[in-house]
Amino acid sequence: MSDESQELGITESKSHKPGEWYAEVVQKANLADYAPMGGFIVTKPRGYALWEAIQDALDGWFKETGVDNVYFPMFIPESFLEREKDIVEGFDPEVAWVTQGGHDELEERLAVRPTSESIIAPFMADWTRSHRDLPLRLNQWCSVVRWEATETKPFFRTKEFMWQEGHTAHATNESAWEEVWTRLDQYERVYEDVLAIPVLRGKKPEHDKFPGADTTTTVEALMPDGKSVQGATSHNLGQSFAEAFDITYADEDEDEKTAYTTSWGLSWRAIGALIMTHSDDQGLVLPPTVAPTQVAIVPIWQEDTKEDVLEYSQEIADDLEEAGFRVELDDRDERNPGFKFNEHELNGVPLRLEIGPYEVEDEEVTLVHRPDNEESVEDRDEIVDAVDEHLETIYDKLYQAAEENLENNVREAHSPEEILGTIGKHGGYVKTSWCGDEACEEAIKEKIAAEIVMQPLDDEGGRTAGEVPEPDRDECGVCGDPADEIAYFAKSY
Ligand SMILES: [Zn+2]
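Worth saying up front: this structure is predicted, and the values here are computed from it rather than measured. (Residues numbered from 1 in each chain as written. Predicted model: local features only at pLDDT ≥ 70, side-chain atom pairs only at ≥ 80, totals over all residues. Heavy atoms only, no water.)

### Section: the overall build of the chain
Of the regular secondary structure elements, the chain holds 15 helices and 23 strands. A compact globule built from 493 residues should have a C-alpha radius of gyration of about 23 Å, and the chain, at 25 Å, falls within 12% of that. Per-residue burial over the chain gives 53% buried out of 493 residues. Sequence-distant contacts in the chain: of pairs separated by 6 or more residues, those separated by 24 or more amount to 68%. Surface accessibility of the chain: about 22,000 Å² in total, with carbon and sulfur atoms responsible for 43%. Positive and negative side-chain charges of the chain, numbering 43 and 110 respectively, have mean locations separated by a distance of 5 Å. (Helix = DSSP H or I, 4+ residues; strand = E, 2+ residues; numbered from the N terminus. Rg over C-alpha atoms; globule rule 2.2 N^0.38 Å. Buried < 20%, exposed > 50% of the residue type's maximum accessible area, 1.4 Å probe, protein only. Contact = heavy atoms within 4.5 Å. Areas by Shrake-Rupley, 256 points an atom, 1.4 Å probe, with all protein chains shown as cover. Lys, Arg positive; Asp, Glu negative; His and termini not counted. Charge placed at Lys NZ, Arg CZ, Asp CG, Glu CD.)

### A look at helix α14 (residues 416-426)
Turning to α14, its buried residues number three or more, namely I419, T422 and I423. All buried residues of α14 fall inside an arc of 95° around its axis, so they share one side. Among the exposed residues of α14, those pointing more than 90 degrees away from its buried face are E417, G424 and K425. Where the residues of α14 are buried, they touch β20 (410-412), β21 (429-434), α15 (438-448) and β23 (485-490). G427 sits one or two positions beyond α14 and adopts a positive phi of about 70°. (Arc of directions from axis to C-beta.)

### Regarding the coordination of the zinc ion
Within the protein, C435 (SG), C440 (SG), C476 (SG) and C479 (SG) serve as the donor atoms for the zinc ion, at 2.3 Å. With four donor atoms in place around the zinc ion and angles of 102 to 117° between them, the coordination shape is tetrahedral. Each donor residue of the zinc ion belongs to the same chain, and together they define the spacing C-x4-C-x35-C-x2-C. Of this pair, C440 sits in helix α15 while C476 sits in the loop between β22 (451-456) and β23, and the two are 36 residues apart along the sequence. With respect to burial, C440 and C476 carry one shared label: buried. (Donors = N, O, S within 2.8 Å, 3.2 Å for Na, K, Ca; no water. Tetrahedral: all angles 85-135°; square planar, octahedral: opposite > 155°, others 65-115°.)

### Some points on the sheet that holds strand β4 (residues 75-77)
Spatially, the three strands line up as an open sheet ordered β4-β6-β5, and their pairing is antiparallel. Among the strands making up the open sheet, the edge pair consists of β4 and β5 (96-101). Within the sheet, the average angular offset between the axes of one strand and its neighbour, ignoring direction, is 45°. The pairing of β5 with strand β6 (residues 104-112) spans five bridges and is classified as antiparallel. When the bridges of β6 are listed, W97 appears paired with A111. (Pairing = 2+ DSSP bridges. Axes fitted to C-alpha atoms, helices over the stretch in contact; angles between N-to-C directions.)

### Things to note about the UniProt feature "domain: Aminoacyl-transfer RNA synthetases class-II family profile" (unreviewed entry) in the chain
Sites flagged by UniProt as "domain: Aminoacyl-transfer RNA synthetases class-II family profile" (unreviewed entry) map to residues 47-287. In residues 47-287, helix accounts for 32% and strand for 32%; the two terminal C-alpha atoms are 14 Å from one another. (UniProt positions renumbered as here; feature names shortened; annotations may be inferred.)

### Topic: the domain arrangement of the chain
Taken as a whole, the chain is organised into domain 1 (14-278), domain 2 (295-394) and domain 3 (410-491). Of note, the centres of domain 1 and domain 2, computed from C-alpha atoms alone, are 40 Å apart. (Domains from an automatic or database assignment.)

### What about the pattern of salt bridges?
Inspection of every chain in the model, using the stated rule, returns 21 salt bridges. Here R370 ties to D280 by a salt bridge, and the two come within 2.8 Å at their closest N and O atoms. Of this pair, R370 sits in the loop between β18 (364-369) and β19 (375-379) while D280 sits in the loop between α9 (269-278) and β15 (295-299), and the two are 90 residues apart along the sequence. Using a relative accessible area of 6% as the deciding quantity, one classes R370 as buried. If you follow the salt bridges from partner to partner, you end up with D330, R332, K340 and E343 in one network. (Salt bridge = Lys/Arg side-chain N within 4 Å of Asp/Glu carboxyl O.)

### Remarks on the packing of aromatic side chains
Enumeration according to the criterion identifies 15 aromatic pairs in this entry. Each residue in the set W51, F62, W141 and W264 is aromatic and connected to the rest through ring pairs, giving one cluster. Lying across the ring of W264, R183 places its NZ or CZ 4.8 Å from the centre. Positioned above the aromatic ring of W61, the side-chain terminus of R189 is 3.8 Å from the ring centre. (Phe/Tyr/Trp six-rings, centres within 6.5 Å; stacked < 30°, edge-to-face > 60°. Lys NZ or Arg CZ within 6 Å of the ring centre and 35° of its normal.)

### Here we look at the side chain of T168
Mapping T168 onto the fold places it in strand β8 (residues 160-170). Residue classification places T168 among the buried positions, given a relative accessible area of 0%. A polar contact is formed between the side chain of T168 and the side chain of H170, at a distance of 2.6 Å. (Polar contact = N/O pair within 3.5 Å; in protein donor to acceptor, adjacent residues only side chain to side chain.)

Here's what the structure looks like:
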């Protein structure tokens, strides 16, 4: 191995040092870089392409289900932020403020949005006159700033992050609940059908809800290191924001009624979960659904076979491109095939096509799967269908590995010792009966930094409210008091 290829490769191990390994994959696969200010990152083209893939999928589904995109200012006047007290209290320690414009002190401080309810809600109030204006469904793709003093972890923990935030108003609580479930379904779908990550649906415990919300629902993904990632959240805000911002409407009898609102968001943490879930010690692994390059064609030639091999490779590249695949024909002269294999592996190209003189002669193509190096040979004539099938197989392999990790890592525990021991030994989720007291979460958190990441939802067939099913045992797994809820403890990102 040359020095150059060593430098190219990943040196840390995913299982031994997941944090260092993650940072190395992000940088070496050219997804992001660190900005000069602590807590900020620069998203590079290949990283941004992943965000665009997520955006394309979600944005399409939003629009199919009645959502319009808007854009609101990144600054929120302090007096607006103060109108909903839970928002102020919830975000206060993390808000970045602008106090000066040019050379002049501002009369009123402006918050850099930590979330946009406080600037969007007053306009929703303006735009909602009659029951005929409802439901009102708005979404914006933007970034928000939360000034947390934690170590930067690209896509997982940054002071500024990209996300989408949806904001809706409804005439009834039922309609608001329907909205909450629609968005949670779409978040689940983006994880399972686009990112190849199975998720659990649930709700956050009372003390960990979005500030001002009635209910916060969530999709949670389990990473291979045993920690949970909050994948996206969908909140039923009840009437607290509508009351604070006068979102009212005239009903059919011209009586004034207060609306119900929801908000829901998915951030680029989804990219973090994507990298963490599938990648390995060779570098990035991506499902074909989001990979900027789905197929890398590496021609292998000697001087006397170069012309034939390149021509054959080009024809295949053209066929695949025409069929809609994202293809790169890697015909660089200055790199040998081994270097190219390593580089495409590092960059997470799901499928590699190897084409040498034998392939040309036999009218075949050799295909290699990124996740496990499985190799097969297909007929030249069938290549378009074959690539399609192989990409699907690769997606299934990734999904199944992630699903197996999830299925094997939900365990039950019935005492504090058992909860601590199980999380300490295996990580993953520990399911237990819970009395509902935050102090019981604290007791676990203090010892092992695990918390209640979610509570399972009752059969959602009825879909009216986020109710938690009754536990099998009626004693809290921590304090032993009567318990009528179920909680999932885990360490989390
Ligand atoms: Zn308890």
